[in-house]
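Inside the fold
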Amino acid sequence: MRHPGVFAAAASISGDCDFELCYGGEMLAAARGLAKYGGDVRAFLEEFERTHDLGGDGHAILDVVAMSACYSPNPDSPLGFDLPMDLEYAERRVDVFERWRAFDPLVACEHHADALRSLELLHVECGRADEFNLQFGARRLVRRLRELGIPCRHEEHAGGHRGIDERYEIVLPLLAERLTT
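The sections below set out a description of the structure shown in this document. (Residues numbered from 1 in each chain as written. Predicted model: local features only at pLDDT ≥ 70, side-chain atom pairs only at ≥ 80, totals over all residues. Heavy atoms only, no water.)

What follows concerns the nonpolar core. Tyr-23, Trp-100 and Leu-145 are the most contacted members of the largest nonpolar core, which has 40 residues in total. Elements with a minimum of two residues in this core: helix 1 (19-34), helix 2 (41-51), helix 3 (58-71), helix 4 (94-101), helix 5 (105-111), helix 6 (113-117), strand 2 (121-127) and helix 7 (134-147). The greatest single-element share of this core, amounting to seven residues, is contributed by helix 1. With residues up to four places along the chain from it excluded, the contact list for Leu-145 reads Cys-109, Leu-116, Leu-122, Val-124, Ile-150 and Cys-152. Counting residues in hydrophobic clusters, the runner-up holds six residues, among them Ala-9, Leu-121, Val-171 and Leu-175. (Core = buried A, V, L, I, M, F, W, Y, C linked by side-chain atoms within 4.5 Å. Buried < 20%, exposed > 50% of the residue type's maximum accessible area, 1.4 Å probe, protein only. Helix = DSSP H or I, 4+ residues; strand = E, 2+ residues; numbered from the N terminus. Contact = heavy atoms within 4.5 Å.)

What follows is about the layout of surface pockets. Reported here for the largest pocket is a volume of approximately 500 Å³. For the largest pocket, the lining is made up of 29 residues, of which Met-1, Ala-10, Ala-11, Leu-116 and Leu-122 are closest to its centre. Of all the secondary structure elements, the ones that give two or more residues to the lining of the largest pocket are strand 1 (9-13), helix 5, helix 6, strand 2 and helix 7. It is strand 1 that contributes the most residues to the lining of the largest pocket, five residues altogether. For the lining of the largest pocket, a count of residues per class yields 20 nonpolar, six polar and three charged. (1 Å grid on protein atoms, 1.4 Å probe; cavity = no way out; pocket = protein on both sides within 12 Å on 5 of 7 lines; lining within 4 Å. Points joined across faces, edges and corners; volume = space filled by probe spheres on them. Nonpolar A, V, L, I, M, F, W, Y, C, P; charged D, E, K, R; others polar.)

What follows is the structure, encoded as structure tokens:
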């Protein structure tokens, strides 16, 4: 979307989409899990480095921390990023979450519609049993793409978010075919 003319084809296999939908619950679980550490992200990360334990809310904490580093970096923050929620009340920090949403394909597609229309192939897929609810985000994205007149191919498979390596064996040849013509 951000580099039209560089890529002729793109595919999303269980890609994050509709960030409120896929991260909303994760933010709540992360706030709940960080309470054990007094809201200290660094303390969680130090324990994770020692134990590699993602039990309980650990996965949600790591997910939100990683996405924060990606979508809301802040060199003035002690950890180099801003969390998208207040840890005491788990309320959305609107200013930070809006920075995240700028990267949400559901939002970004509107700002980059012409670039997306120039693709020879745009493939969006997800499993109908995706544990992060990404199937609903993919459906919403495809609906929005079509409303914007952006051609796309949409598939859903029976799987979830994990154990879908065979999907790459199906999608990569589609990309390769478009990239070599």
